[in-house]
Amino acid sequence: MEEDSGVTSHTERCSCPLSSCSSMLPWLCLMMPLGLSPSSQGLNGVSHECKETEELTNGHSNHKPVINGLTPGHSVKEHANGSSLLKSLPISALKQNGLLQSLATGGEQPKTEEESAEVEQAREEWEALESIQPVVSEESSPTPLISFNEALQHFQTTDLGEVLKNIQPTIRRTGLAAITHFLFGPPRLHRELLEERDLVFAIAQCSLDNSQAVHMRVLQTIYKRLTGSKQDCPRFGTHWENVGFQGTDPATDLRGTGFLGLMHTLYLVMDPETLPLARDIYKLSQHPTQNFPFCVMSINMTRIALHALREEALSKECNRRQQVVGVLNEFYVATFLHLYQLWKSQQKTISDSGFVLKEVELFAKKNPKQMLRRLDIFLRERRSGGAPRASPDPMAQQPSPCLGERGARSEGTRGKEMHFTGVCELTPDMEGEARLI
């Protein structure tokens, strides 16, 4: 070292131990415990050179370390490459410094009251998530299914006095037709069964009422049993076409049979013995080529059953069993079974619907006892586990004898433009026949 005018100015590489550098700032003291030598290479490949400058100010020495030409007074933000030593060091190295141990361990820093409250609130909300259970409101719960007997009881306890005034339970015959029917026709219905018969025709006069909970339950039950859905469906929509209605509102297809059309479909899908048959028919109605509207076809089976009851074709069986509703339900199912077997065995299509419906109606009204016996055989075979025959009547495999080949072809051609109809839209088969509406 050389002294010049009492001022000592020297620049030398710092190699002294930390204890001998009493004038160095904490910036250099921080580097030593971290294992960084003053002349070690920087983290970014740049040599950090530590120099010491000594200035004489009023006779006192002032030492300032210089790192890469920068004094500690420079801010880290002012550094050209923007990376500081502390940010480049690993956390494990920071833990060796007593001043930064609390920062490295995290959790020993004093928390403000506001931060503690927010953390505690967040913890409570997180723990509460485990106990949250989904709550289903009563409005979103599905409508319970309804049985046929429950729906029938609703009409039995409802005042239908005004409706009963407009029913036509029998055919009005005059002249020779009345005499022939009296001498050779079926027996009259027993007096004690007249009230039950009138109830059937009164239900056939009732329309679908959106304000009646029972009506809506019947509609929902039919849809759920056919589709397997567990949830309710909207009152209006194209989904009704999936189960065989002709439009978005099932009520428009009930003009001919009234609510009785839905009651018979309900009986078909809710009776444990007939439910498999209902699903077989519904499956056939979805066939790529043999498809047909299931619910509308069912309504037409109700129309045929009502005609048979009005023409007293079922009176003998009703008198024997002393009931009307039960006989009518079974006759409806037997008629639907006959149509299903004929449609499937003869591979009918929708273009044949007019011809097939007419044939089924004529056969059913002329042979009610045979129709019921076929149904009984079919259900007994299914109960025993055997596969029911496709058609119990060999004649059902042949085309109808009432129409020749030309007639069947022309009828099928007209059927392409035909819509399924109700009782009120059909031409009466007999003069003076009463219609429901």
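The following refers to the structure shown. Here the structure is a predicted model, which means the values were calculated and not measured.

Within the chain one finds 19 helices and three strands. Expressed as a percentage of the 437 residues in the chain, the buried residues total 40%. Restricting the contact set of the chain to residue pairs at least 6 apart, pairs at least 24 apart contribute 70%. Only carbon and sulfur atoms are counted for the fraction: they give 52% of the accessible area of the chain, which is about 25,500 Å².

Our next topic: the packing of helix H17 (residues 353–366) against helix H18 (residues 368–383). For any two helices packed against each other, one specifies the inter-axial angle together with the distance between the axes. Orientation of H17 relative to H18, taken along the N-to-C sense of each, is 100 degrees, at an axis distance of 5 Å. Between H17 and H18, the angle is such that the two are roughly perpendicular. Here Phe363, Ala364, Lys365 and Lys366 of H17 lie close against H18, whose contacting residues are Pro368, Gln370, Met371 and Arg374.

If you look at the biggest cluster of nonpolar residues, it comprises 81 residues, and the most contacted ones within it are Val218, Phe259, Leu262, Met263 and Phe336. In terms of residue count, helix H16 (residues 325–345) provides more of this core than any other element does, 13 residues in total. Setting aside residues up to four positions removed in sequence, Leu262 forms contacts with Leu208, Val218, Leu219, Ile222, Phe245 and Leu254.

Turning our attention to a nonpolar patch on the surface. Together, Leu176, Ile179 and Leu183 make up an exposed nonpolar region whose accessible area comes to about 340 Å². Tracing the backbone shows Leu176 in helix H8 (residues 176–184).

The next point concerns the side chain of His264. Note on placement: His264 falls in helix H12 (residues 260–270). Within the structure, the side chain of His264 is placed 3.0 Å from the side chain of Thr302, a separation counted as a polar contact. Excluding residues within four positions of it along the chain, His264 makes contact with Thr302, Leu328, Asn329 and Tyr332.

Enumeration according to the criterion identifies 14 salt bridges in this entry. With its nearest N and O atoms 3.0 Å apart, the salt bridge here joins Asp280 to Arg382. A residue pair is termed long-range when its members are at least 10 positions apart, and Asp280 in helix H13 (residues 275–285) and Arg382 in helix H18 qualify at 102 residues. Arg382 gets classed as partly exposed once you look at its relative accessible area, which sits at 26%. Between Lys365 and Glu361 there is a salt bridge, with its nearest N and O atoms 3.3 Å apart. Here the residue Lys365 and the residue Glu361 both occupy positions in helix H17, the gap between them amounting to four residues, near one helical turn. The pair Lys365 / Glu361 is uniform in exposure class, with both members buried. Shared partners join several salt bridges into a network, and the residues in it are Arg303, Glu311, Glu361 and Lys365.

We now examine helix H10 (residues 213–227). The end-to-end C-alpha distance of H10 is 21 Å, a good match for the 21 Å that 15 residues give at a rise of 1.5 Å each. In terms of burial, H10 is largely enclosed, as twelve of its 15 residues are buried. Those residues of H10 lying buried are Val214, His215, Met216, Arg217, Val218, Leu219, Gln220, Thr221, Ile222, Tyr223, Lys224 and Leu226. Summarising the contacts, the buried residues of H10 are in contact with helix H6 (148–156), helix H11 (239–242), H12, H13 and helix H14 (294–310).

Our focus in this paragraph is the packing of H10 against H12. The contact between H10 and H12 brings their axes to 10 Å, and the two run at 40 degrees. The orientation of H10 relative to H12 falls into the category oblique. Every pair of crossing elements has a handedness; the one defined by H10 and H12 is left-handed. Contacts between H10 and H12 involve Val218, Leu219, Thr221, Ile222, Arg225 and Leu226 from the former and Leu262, Thr265, Leu266, Val269 and Met270 from the latter. Taken together, the residues of the contact of H10 with H12 sort by class into eight nonpolar, two polar and one charged.

As a further point, take H16. For H16, spanning 21 residues, the distance from its first C-alpha to its last is 30 Å, which sits close to the expected 30 Å at 1.5 Å a residue. Of all 21 residues in H16, 18 are buried; the element is thus mostly enclosed. Immediately downstream of H16, the backbone of Gln347 shows phi near 50 degrees, a positive value.

Rules used in this analysis
- Residues numbered from 1 in each chain as written.
- Predicted model: local features only at pLDDT ≥ 70, side-chain atom pairs only at ≥ 80, totals over all residues.
- Heavy atoms only, no water.
- Helix = DSSP H or I, 4+ residues; strand = E, 2+ residues; numbered from the N terminus.
- Buried < 20%, exposed > 50% of the residue type's maximum accessible area, 1.4 Å probe, protein only.
- Contact = heavy atoms within 4.5 Å.
- Areas by Shrake-Rupley, 256 points an atom, 1.4 Å probe, with all protein chains shown as cover.
- Axes fitted to C-alpha atoms, helices over the stretch in contact; angles between N-to-C directions.
- Parallel < 35°, antiparallel > 145°, perpendicular 65-115°, else oblique.
- Core = buried A, V, L, I, M, F, W, Y, C linked by side-chain atoms within 4.5 Å.
- Patch = residues over 30% accessible without salt bridge, like charges linked within 9 Å, V, L, I, M, F, W, Y side chains within 5 Å.
- Salt bridge = Lys/Arg side-chain N within 4 Å of Asp/Glu carboxyl O.
- Polar contact = N/O pair within 3.5 Å; in protein donor to acceptor, adjacent residues only side chain to side chain.
- Expected span 1.5 Å × (residues − 1).
- Left-handed = near helix turned anticlockwise from the far one by under 90°.
- Nonpolar A, V, L, I, M, F, W, Y, C, P; charged D, E, K, R; others polar.

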